[in-house]
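Structural overview for review
Chain by chain, the residues run as shown.
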Amino acid sequence: TNTNTNTNTNTSTKNEGLQAKNKSIDHKRVQYQAKQRARKATIHNRSIPPLRPHVVDLLADEFPNLEFVANGGIHSMASVQDRISKKGSSSSVIGAMVGRAAINHPCSFATADSLWEDDNNDNNDSVLPSRGDVLLTYIDYCDEEEQRVSALGVSLGSLAALRRRLAAVPFHLFVGEECNNLYQRRIRKLVSRAERHTAKSILMAALYEMPAESINKSVGDFTSVVEDQNVHRYVERSGPLQKSIY
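Parameters and conventions
- Positions within a chain are numbered from 1, following the residues in the order the chain's sequence is written.
- Only residues with pLDDT of at least 70 get local features here, since the model is predicted, and only at 80 or more are side-chain atom pairs given and counted; chain-wide, interface and lining totals rely on the full set of residues.
- To obtain the side-chain values, all non-hydrogen atoms of the structure were included, while hydrogens and water were left out.
- We count a stretch as a helix when DSSP gives it H or I for four or more residues in a row; a strand needs E for two or more, and each element gets its number in order from the N terminus.
- A 1.4 Å probe rolled over the protein chains alone gives each residue an accessible area, and that area as a share of the maximum for its type sets the label: buried under 20%, exposed over 50%, partly exposed in between.
- Residues count as neighbours in contact if any of their non-hydrogen atoms are within 4.5 Å of one another.
- The arc in question is traced by the directions running from the helix axis to the C-beta atoms.
- The term salt bridge refers to a pairing of a side-chain nitrogen on Lys or Arg with a carboxyl oxygen on Asp or Glu at a separation within 4 Å.
- Nonpolar cores were defined as sets of buried Ala, Val, Leu, Ile, Met, Phe, Trp, Tyr and Cys residues, with membership established by side-chain atoms within 4.5 Å.

**Re the overall build of the protein chain**
For the protein chain, the helix and strand inventory stands at 11 helices and 2 strands. Counting helices and strands in the order they occur from the N terminus, the protein chain gives α-α-α-β-α-β-α-α-α-α-α-α-α. A buried classification covers 29% of the 246 residues belonging to the protein chain. Sequence-distant contacts, at least 24 apart, represent 73% of the contacts inside the protein chain between residues at least 6 apart.

Here it is, written out as structure tokens:
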């Protein structure tokens, strides 16, 4: 009897301890920490092993019956054009994939469509739009998209999440231009209040931070990214906006 009583008491004490421990766990915090660990692992895997873009040419020569697309080590349109120009030596390398470089500096890839145009096409010298035209056209799209989603009766939280995603798209539109930091800072500040501000109002407020010279500048006229410019390095601490983009 004493043995049974002691066993029951020990079991009861353990159960109470487990219950107390479970009550003290902040599940949201645990999930957040797990998400952060997974993100760090993804960032780490982007540099380990190091990129070896020349390997694609070796593979193309070894397997001429297959088609390859280069991925990694592409930082500008010049890199893309250099990659495409090698098609003669490695005919099975049919193109190049561009990701982070285009996101960090979209205007530097504004002429990418020219790679698909015929050299004899008279439209090759068509005038590219200004940054302001691009942003205003996108703002009209944001307004239409919000109205469409709102008509579905979604919650305010879902609508705010949509606004953050919409506002994230043109975040790097003015990289390299005067007052770009003010433009990005305004977006960062207002997306944290997306429950009260539409994507249209967020982007219009950010646009007002830019001088007319930058607004009217063609997307094909850009400043090359240098090391001290404000681009996302993937190892810095990110807020909700950067996570929406990357």
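**Topic: helix α3 (residues 55-62)**
Think of an α-helix as 3.6 residues a turn; residues three or four steps apart then line up on the same face. Every buried residue of α3 is listed here: V56, D57 and A60. The buried side chains of α3 occupy one side of the element, clustering within an arc of 100° when seen end-on. The exposed set on the far side of α3, more than 90 degrees from its buried face, consists of L58 and E62.

**Observations concerning the pattern of salt bridges**
A side chain with one charge may pair with a side chain of the opposite charge, provided their charged atoms come close. Under the counting rule described, the total for this entry stands at 5 salt bridges. Here R131 and E177 are joined by a salt bridge, their closest N and O atoms 3.7 Å apart. Of the two residues, R131 is situated in helix α6 (residues 131-150) and E177 in the loop between α7 (156-168) and α8 (180-191); the sequence distance between them amounts to 46 residues. Classification of R131 by relative accessible area gives buried; the value is 0%. The salt bridge involving R148 is made with E145; its shortest N-O contact spans 2.6 Å. With R148 and E145 both in helix α6 and 3 residues apart, the pair spans about one turn of that helix.

**So, the side chain of N180**
Looking at the secondary structure, you find N180 in helix α8. We classify N180 as buried; its relative accessible area is 7%. Those residues in contact with N180 that sit more than four places away from it in its chain are F174, V175 and M210.

**A closer look at the environment of S108**
Mapped onto the elements, S108 comes out in the loop between α5 (100-104) and α6. The buried category is assigned to S108, whose relative accessible area is 7%. With residues up to four places along the chain from it excluded, the contact list for S108 reads M77 and F222.

**Notes on helix α9 (residues 199-207)**
A199, I202, L203, A206 and L207 are the residues of α9 that are buried. End-on, the buried residues of α9 take up no more than an arc of 135°, which puts them together on one face. The inward-facing, buried residues of α9 abut α6, α7, α8 and α10 (212-215).

**Details of the nonpolar core**
In this structure, L135, F174, Y183, I187 and L203 are the most contacted members of the largest nonpolar core, which totals 25 residues. Sequence-distant contacts of F174, that is, excluding residues within four places in its chain, are made with R131, L135, N180, Y183, L207, M210, S214 and I215.

The values reported here are purely geometric and, on their own, carry no functional implication.
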